[in-house]
Amino acid sequence: MPTYEYHCDSCQHDFEEFQYIKDEPLKKCPKCQKNKLRRLISGGSAVVFRGSGFYQTDYRSDAYKKAAKAETAPKTESAASKQSACCSGCSGCGGAKE
Ligand SMILES: [Zn+2]
């Protein structure tokens, strides 16, 4: 039984509800009693990556990898150069590690 996330546009109330797939989406907000509920797609379905444009598996092979690389490359590079410089005659740690 999937969990559905609901968001109320009226009072901004967020909650989760267990429902069968065949069940009708809820409309009435349990908090403010207004028919302002919106059903969000829960993370369990693996279809929606919130905030990112990559939602298809095919994307991961190309665009996703590029994006991931662009994000991690500078980080690992600076970390690696820092590590290699430290304790081989560098002034970073004063040779305390050797
Ligand atoms: Zn509400």
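Enquirer: Got a minute to help me understand the pattern of salt bridges in this structure?
Expert: Side-chain pairs of opposite charge can arise whenever the charged atoms involved come near each other. Enumeration according to the criterion identifies one salt bridge in this entry. A salt bridge links R38 to D9, with the shortest nitrogen-to-oxygen separation between them at 3.1 Å. Taken together, the residues span a long stretch of sequence, with R38 in strand β3 (residues 37-40) and D9 in the loop between β1 (3-8) and β2 (14-18) at a distance of 29 residues. Among the residues examined, D9 registers a relative accessible area of 37% and is labelled partly exposed.

Enquirer: How do you make sense of the pairing of β2 when you look at a structure like this?
Expert: Each regular strand displays side chains that alternate between the two surfaces of the sheet. Note: β1 against β2, five bridges, orientation antiparallel. Pairing of H7 across the sheet is with D14, part of β2. Between the end of β1 and the start of β2, which pair antiparallel, lie five residues, with Q12 showing a positive phi angle near 65°.

Enquirer: Help me understand the nonpolar core in this model?
Expert: For soluble globular proteins, the rule of thumb is that nonpolar side chains tend to be buried together. Y4, Y6, C8, F15, C29 and L37 form the largest nonpolar core, which has six residues in total. In terms of residue count, β1 provides more of this core than any other element does, three residues in total. If sequence neighbours within four positions are ignored, Y6 has contacts with H13, D14, F15, E17, Q19, P25, L26, L37, R38 and R39.

Enquirer: What am I meant to see in the confidence of the model for the protein here?
Expert: Low-pLDDT stretches of the model should not have their predicted coordinates read in fine detail. With 49% of its residues at a pLDDT of at least 70, the protein reaches an overall mean of 72. A low-confidence stretch, residues 45-49 (pLDDT under 50), is modelled with five contacts involving residues beyond four sequence positions or located in other chains.

The rules behind these values
- Residues numbered from 1 in each chain as written.
- Predicted model: local features only at pLDDT ≥ 70, side-chain atom pairs only at ≥ 80, totals over all residues.
- Heavy atoms only, no water.
- Salt bridge = Lys/Arg side-chain N within 4 Å of Asp/Glu carboxyl O.
- Helix = DSSP H or I, 4+ residues; strand = E, 2+ residues; numbered from the N terminus.
- Buried < 20%, exposed > 50% of the residue type's maximum accessible area, 1.4 Å probe, protein only.
- Pairing = 2+ DSSP bridges.
- Core = buried A, V, L, I, M, F, W, Y, C linked by side-chain atoms within 4.5 Å.
- Contact = heavy atoms within 4.5 Å.
- pLDDT = per-residue confidence, 0-100.

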